[in-house]
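Next come the chains, spelled out residue by residue.
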Amino acid sequence: MVKLDWDIEAEQGKQKQYAEDPLERRARYQGVLRLLLAVGVLAGIIAGVAYLIEQRWEQVNQRVEQILIDTVQAEVATLRVGDREGFLDLQRSATEEWGNQQLETFNAYQTLKTTSDVVLSGRVIDTTIDGQRGRVSVEEIIDGVPYVQTWFYWRYDEGWAHVPPDYEFWGTEASIETDRVTVRYKTVDEAVANDISVAVETWLSDTCSYLDCSTLPPITVDIITAPNSPVRWADNEQNAWQLVVPSPYTGRARADMPFDQTLQTTTATLLANRIVAWQTDNIAQTLGGDASYLLQTTTQWMIARFLQVNAQTHLIDSLVANYGIEVIPSLLRNIQSTSSLSILPTVAGATSLPEMPLDWRDFALWRLELEDDLIEQGDETTWTTLYDFSDESVRNAAYQRYVNAFIGSNRTVLQANVSLDSSTPQLIARVNVTRGFDTGEEIVVFNLINGSWRRAN
């Protein structure tokens with residue numbers, strides 16, 4: 001191949017064009033490195049400044065929080081030593097109502113110290129600060145039991161001051177959902193929400209082990225900030241199974257058991273009553289009727305199972321012990337407002353009521369206390385339904401008690417046994433009775449009349 005002169009010259013020109021001076025290349029690389037280094041140094045300076053600002057902000061927040069804790073501890077110290085003026089100086093509100101309320105609080109603490117073993121250590125369990133607002137949880141120990149108080153503060157120019165509760169500052173909304181229960185709450189109530197969720201789910205699981213829960217609606221529990229509000233079912237037709245529980249932290253709450261025994265008992269009672277009503281289609285209850293007693297004692301039996309306590313429901317306990325727990329759903333399915341005690345052999349598959357091995361002590365106590373209540377109320381019509389007046393002497397003795405309001409202040413049924421010695425089966429109860437300052441034993445006899453025990457002495 002023959003190259004012309006101008007082709008050779010063109011190729012030599014291209015080689016010169018693409019050949020770079022090593023010094024220029026090195027200079028360019030060094031410039032890039034210097035630029036990257038400058039950017040890195042600048043980024044480091046910015047990061048360092050940001051870190052210092054963050055550290056300074058953290059120090060400021062810690063300082064603000066520490067001042068709040070110091071204020072709380074100073075306030076608790078005034079309660080501990082009985083410094084009323086010092087305590088009131090730490091209170092602040094736009095109205096006098098808060099100062100008057102806190103004066104009552106101060107006096108209540110001073111009284112409490114004289115009646116109980118009170119430790120006011122001032123230990124702050126938790127603090128939350130949002131701008132000018134502060135919320136603290138303060139520990140106090142009464143008779144060895146740890147409690148927590150939730151107090152609110154506002155940061156003024158001169159420092160923190162104790163202010164009225166701000167229930168808008170109660171944390172963020174949250175919920176706990178299990179198979180049958182949803183608990184809705186704000187984060188301050190997280191501990192009690194967890195306890196309620198576990199307890200109610202456990203109670204329902206136990207209930208559904210012997211009742212058919214296929215149509216049981218899901219239960220919602222709303223924890224609200226409403227001091228002195230009762231535990232109740234919400235007035236909500238769309239969800240009749242919505243429990244409303246006041247937060248225990250709006251007052252003195254158990255630190256170790258926020259869902260305390262009182263709150264548990266009230267909640268368990270409401271739930272058991274609702275379940276029994278659901279199972280019986282809300283049948284009407286007649287005052288003094290056997291059905292009323294059977295529903296009441298079954299509810300108490302259920303509550304006792306929830307709370308793992310002895311409710312002295314002797315009749316139901318003995319019924320279940322002898323005929324199995326399936327007698328409970330059978331009873332609730334079949335009972336009517338006019339049912340007598342004769343429903344018991346029907347639901348238990350027994351031959352007759354007198355021959356059933358049942359413990360009648362709580363029934364006898366219920367009937368005697370009901371009789372006292374009716375005498376006090378002057379309800380003669382209902383009172384007469386408790387008696388077998390076929391014997392005139394029984395009528396005369398009963399009316400003497402009625403007219404003289406001969407009632408007991410306290411009773412204990414020591415024994416209640418069925419006797420088949422006479423033509424009419426009898427329930428004979430041995431009862432310890434206190435009337436005024438006198439205490440003694442009495443024998444009370446009931447005759448079985450139309451499937452019900454009627455007093456016969």
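Scroll up to find the structure this text is about.
A brief report on the enclosed structure follows. All values reported here derive from a predicted model rather than from experimental measurement.

Core analysis: the largest hydrophobic core is formed by 92 residues, its most contacted members being Leu344 and Trp360. For this core, the element with the highest residue contribution is helix H7 (residues 290–307), accounting for nine residues. Ignoring sequence-local partners within four residues, the contact set of Leu344 consists of Leu294, Leu315, Leu319, Leu331, Leu353, Met356, Leu358 and Trp360. Within the second largest apolar cluster, 20 residues are counted, among which are Ile69, Val76, Leu112 and Trp160.

Attention now goes to the sheet that holds strand S15 (residues 452–455). Pairing is antiparallel in the open sheet, where four strands are placed in the order S12-S13-S14-S15. Strands with a single pairing partner mark the edges of an open sheet, and in this sheet they are strand S12 (410–419) and S15. Mean inter-strand twist for the sheet, computed between neighbouring axes without regard to direction, equals 30 degrees. Summarising the sheet, S12 and strand S13 (residues 426–435) pair through nine bridges and their orientation is antiparallel. Bridge assignment links Asn417 to a residue of S13, and that residue is Ile428.

Here we come to the environment of Arg123. Along the polypeptide, Arg123 turns up in the loop between strand S1 (118–119) and strand S2 (124–130). Linking Arg123 and Val138, residues 15 residues apart in sequence, is a C-alpha distance of 5.9 Å. The residues contacting Arg123, other than those within four sequence positions of it, are Ser137, Val138 and Glu139.

A few words now on the side chain of Arg401. Structurally, the position occupied by Arg401 is in helix H13 (residues 392–403). Other than its neighbours up to four places away in sequence, Arg401 contacts Glu371, Ile375, Tyr387, Phe406, Arg455 and Asn457.

Going through the model one piece at a time under the given rule, you end up with one disulfide. Here Cys208 pairs with Cys213 through a disulfide, and the sulfurs are 2.1 Å apart. Disulfide Cys208 to Cys213: torsion about the S-S bond roughly -100 degrees, handedness left-handed. An identical accessibility class is assigned to Cys208 and Cys213; each is buried.

Evaluation of the coordinates by the stated rule reveals 22 aromatic pairs. Measuring from centroid to centroid gives 5.1 Å for Tyr293 and Phe363, while their planes differ by 80 degrees, and the two rings are edge-to-face. Remark: Phe363 occurs in helix H11 (residues 361–377) and Tyr293 occurs in helix H7; sequence separation between them is 70 residues. With relative accessibility at 3%, the residue Tyr293 sits in the buried group. Members of the aromatic cluster, each reached through a chain of ring pairs, are Tyr293, Trp360, Phe363, Trp366 and Trp453. In this arrangement the basic side chain of Arg135 is found over the ring face of Phe169, its NZ or CZ atom lying 4.7 Å from the centre.

This part is about helix H9 (residues 327–334). With six of eight residues buried, H9 is to be regarded as a mostly interior element. Residues of H9 that are buried: Val327, Ile328, Pro329, Ser330, Leu331 and Leu332. Lining the buried residues of H9 we find helix H6 (261–279), H7, helix H8 (314–323) and helix H10 (343–348).

A few words now on the pairing of strand S6 (residues 173–177). Looking along a regular strand, one sees the side chains alternate between the two faces of the sheet. Note that S6 and strand S7 (residues 181–186) share five bridges and pair antiparallel. Considered in S7, the bridge of Ile176 is made with Val183. Between S6 and the antiparallel strand that follows it, S7, lie three residues.

The next thing to look at is the pairing of strand S3 (residues 133–142). Of all 10 residues in S3, eight are buried; the element is thus mostly enclosed. Bridging between S1 and S3 involves two bridges; their strand directions are antiparallel. Paired with Val119 across the two strands is Ile141, which belongs to S3. Taking the residues that link successive antiparallel strands as the turn, the S2-S3 hairpin has two residues, and the phi of Gly131 there is positive, at about 65 degrees.

Taken together, the five strands give an open sheet; going across it, the order is S6-S7-S8-S10-S9, and neighbouring strands pair in mixed fashion. On the outer flanks of this sheet lie S6 and strand S9 (232–233), each paired with one strand and no other. Where S9 lies against strand S10 (residues 242–246), two bridges are found, and the strand directions are antiparallel. Residue Trp233 lies in a different strand from S10, and its bridge partner there is Leu243. Strand contacts of helix H5 (residues 190–207): S6, S7, strand S8 (219–224) and S10, with the helix running at about 170 degrees to S7, the strand carrying the most contacts.

Rules used in this analysis
- Residues numbered from 1 in each chain as written.
- Predicted model: local features only at pLDDT ≥ 70, side-chain atom pairs only at ≥ 80, totals over all residues.
- Heavy atoms only, no water.
- Core = buried A, V, L, I, M, F, W, Y, C linked by side-chain atoms within 4.5 Å.
- Buried < 20%, exposed > 50% of the residue type's maximum accessible area, 1.4 Å probe, protein only.
- Helix = DSSP H or I, 4+ residues; strand = E, 2+ residues; numbered from the N terminus.
- Contact = heavy atoms within 4.5 Å.
- Pairing = 2+ DSSP bridges.
- Axes fitted to C-alpha atoms, helices over the stretch in contact; angles between N-to-C directions.
- Disulfide = S-S within 2.5 Å.
- Phe/Tyr/Trp six-rings, centres within 6.5 Å; stacked < 30°, edge-to-face > 60°.
- Lys NZ or Arg CZ within 6 Å of the ring centre and 35° of its normal.

This is a description of form; function is not addressed.
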